[in-house]
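Each chain is listed here by its residues.
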Amino acid sequence: MTLSRRAFLAASGAAAAGGAGLLLSGCDSSGGNQPKPSTLEVFSWWTAGGEKDALDSLVNEFHLTHPEIAFDNAAVAGGAGAAAKAELAKRMKEGNPPDTFQAQAGAMLADYVDADQLEDLGFLYESQGWEKVFHPTVLQLIKRNGRYYSVPVDIHHINVLWSNVAVCNRYRADLEPADPAAFIASLKRVRQGNQVTPLAIGLTPDQNWQVKHLMETLLVAHLQADDWAALWRPGNGWEDSRVTDALHDLSQILDLVPAGSAYTWDEACALVAQGKAAYQVMGDWTEAKFTVDFQLQPKRQYHWAATPGTKGLFVFASDCFTLPKGAKHRDATVDWLTECGSQRGQDSFTTVKGAIPPRAKFDADEVTLFDTYSRWSMQEWGKDRVVGSLTHGVVASAAWNSAIDAAITAFVAGQDVAQLQGALAKAAKAHAK
Ligand code: GAL
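Summary of the structure given here.

Cut-offs used in this document
Residues numbered from 1 in each chain as written. Predicted model: local features only at pLDDT ≥ 70, side-chain atom pairs only at ≥ 80, totals over all residues. Heavy atoms only, no water. Phe/Tyr/Trp six-rings, centres within 6.5 Å; stacked < 30°, edge-to-face > 60°. Helix = DSSP H or I, 4+ residues; strand = E, 2+ residues; numbered from the N terminus. Buried < 20%, exposed > 50% of the residue type's maximum accessible area, 1.4 Å probe, protein only. Lys NZ or Arg CZ within 6 Å of the ring centre and 35° of its normal. 1 Å grid on protein atoms, 1.4 Å probe; cavity = no way out; pocket = protein on both sides within 12 Å on 5 of 7 lines; lining within 4 Å. Points joined across faces, edges and corners; volume = space filled by probe spheres on them. Nonpolar A, V, L, I, M, F, W, Y, C, P; charged D, E, K, R; others polar. Contact = heavy atoms within 4.5 Å. Disulfide = S-S within 2.5 Å. Near = heavy atom within 4 Å. Polar contact = N/O pair within 3.5 Å; in protein donor to acceptor, adjacent residues only side chain to side chain. Areas by Shrake-Rupley, 256 points an atom, 1.4 Å probe, with all protein chains shown as cover. Sits in = over half its atoms within 2 Å of the grid points.

### Some points on the packing of aromatic side chains
Using the criterion set out here, one finds 24 aromatic pairs in the structure. Summarising the aromatic geometry, the rings of Tyr-125 and Tyr-148 are spaced 4.2 Å apart at their centres and angled 10 degrees between planes, so their arrangement reads as stacked. A residue pair is termed long-range when its members are at least 10 positions apart, and Tyr-125 in helix α7 (residues 122-128) and Tyr-148 in strand β5 (residues 147-148) qualify at 23 residues. In this structure, Tyr-125 and Tyr-148 share a single accessibility class: buried. Taken together, the ring pairs in this structure connect Trp-46, Phe-62, Phe-71, Phe-321, Trp-336 and Phe-349 into an aromatic cluster. The cationic tip of Lys-299 hangs over the ring face of Trp-304; the distance from NZ or CZ to the ring centre is 4.3 Å.

### Notes on the layout of surface pockets
One number sums up the size of the largest pocket: a volume of about 770 Å³. Secondary structure elements with two or more residues in the lining of the largest pocket: α6 (107-114), α9 (136-142), β4 (143-144), α12 (208-230) and β14 (385-388). Looking at the lining of the largest pocket residue by residue, the class counts come to 15 nonpolar, six polar and eight charged.

### A few points about the environment of Ala-407
Considering the arrangement of structural elements, one finds Ala-407 in helix α20 (residues 398-414). With a relative accessible area of 9%, Ala-407 lands in the buried category. When the C-alpha atoms of Ala-407 and Glu-366 are compared, they prove to be 43 Å apart, with 41 residues separating the residues in sequence. Apart from residues no more than four positions distant in its own chain, Ala-407 is found in contact with Leu-420 and Ala-423.

### Points about the side chain of Glu-380
Here Glu-380 shows up in helix α19 (residues 372-383). If near-sequence neighbours (up to four positions away) are discounted, Glu-380 is found in contact with His-157 and Phe-314.

### As for empty space enclosed by the protein
Tallied over the full model, the rule gives one cavity of 30 Å³ or more. In this structure, the largest cavity occupies an estimated 120 Å³ of space. Lining the largest cavity are 15 residues; nearest its centre among them are Trp-45, Gln-104, Trp-285, Asp-319 and His-392. Class assignment for the residues of the lining of the largest cavity results in seven nonpolar, five polar and three charged.

### What about the state of the cysteines?
Among covalent bonds in proteins, the disulfide is the one between the sulfur atoms of two cysteines. According to the stated counting rule, one finds zero disulfides in the structure shown. Just so you know, Cys-168 is unpaired, no disulfide at all, and the nearest cysteine sulfur is the one on Cys-269, 14 Å from it. Classification of Cys-168 by relative accessible area gives buried; the value is 0%. With no disulfide of its own, Cys-320 lies closest to Cys-340 among cysteine sulfurs, the gap being 9.7 Å.

### Quick look at the site of the ligand
By nearness alone, every residue bordering the ligand is listed as Trp-45, Trp-46, Glu-51, Gly-79, Ala-80, Gln-104, His-156, Trp-265, Trp-285, Asp-319, Lys-353 and His-392. Glu-51 is positioned with one of its side-chain polar atoms (N or O) 2.5 Å from an oxygen atom of the ligand. Asp-319 places a polar side-chain atom, nitrogen or oxygen, 2.6 Å from an oxygen atom of the ligand. Starting from 300 Å² of accessible surface for the ligand in isolation, the protein chains cover 100%. When each cavity is represented as a set of grid points, the ligand is found to reside in the largest cavity. In the shell around the ligand, the residues fall into five nonpolar, four polar and three charged.

Note that all results are geometric; they support no functional claim without further evidence.
Written as structure tokens, this is what we have:
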């Protein structure tokens, strides 16, 4: 039996102790001329669970070749960048950018390019040959006006339903509900038992990105790939009755969740892992909690599947790093970006995070580094129809997302489907281009 990289790290305690890269990659080969010490300020929102371990793993790998560069972790807590994005916008406006920041492929990244805040990274793409090795879907999303402005480090699977096997079996709740109606019926069965939370999710305004995440999976289920993509273009279909159906599903699901639930995504995952909740709808950064923190067995103790009604579709997002104009340590940032784009760097990060590398091909040897879930995700990525995520940056700009966030906050408080649909249509009119 081969051991995935994450299982190896967990068994050896290496990720937590910070020796991850060293254990897998051998020793530092630097010698002779000592490079000049420098610092690198890295801005992200990776502070929780496997996110933080994955960042540590990437930094350790980076330090094997660049021990002279001190890592300044400027991470701002809050899932999906709920707080980080505002803080970053403020710093960019003040002309005080970090050396590099986490961005997301697609419309979110385009915001920074259009504001002329990023350096063109064509020179790195050329010297590293990345156009040939990165996945074409990702390349297309990070290309703007024929140029590349960021380096992708992962691909995340967004439409995933996570569940506790024992809890679902106890309440005859489906592990893989075929559609939203079957999912709602399962949630109701769990609710009737009156012991366990049917769906673990945060509902407070600071967590409403989790509701947006759930909403996007329901919209994708009802609209399927082409009509979902159409929503993000001018003349879109927000008045469509299938949008109404998806929002009614959302309303029914939220009715089954204890009011005022304030869980962060990792707290919600812990509830499922501990058998205090049946399901979580979340991206695959949550998976490390099941396997590393709670040491659960895949498929036997926790389960995953495409969210109801989205089988055959892979809703995705891709995290990237950038070189902001005016970065104080430009050379160190170029070294960091080179690491982020390398197979070694991407493997060290994605194996721990629960994501997959943003590459066109995976080597057979490389696949053995990944755990059961990630191998499944790799297969789905290879055969599913790929569509972009709303909540995680691909299809809509920051301003459009903010308008949607406001509509969702009002919806969580008032549960008015017609009002939500109207607000979503209005946001689309204002922001689609
Ligand atoms: C996403 C991001 C992931 C993960 C998640 C939860 O937006 O792409 O890398 O960090 O938020 O915070």
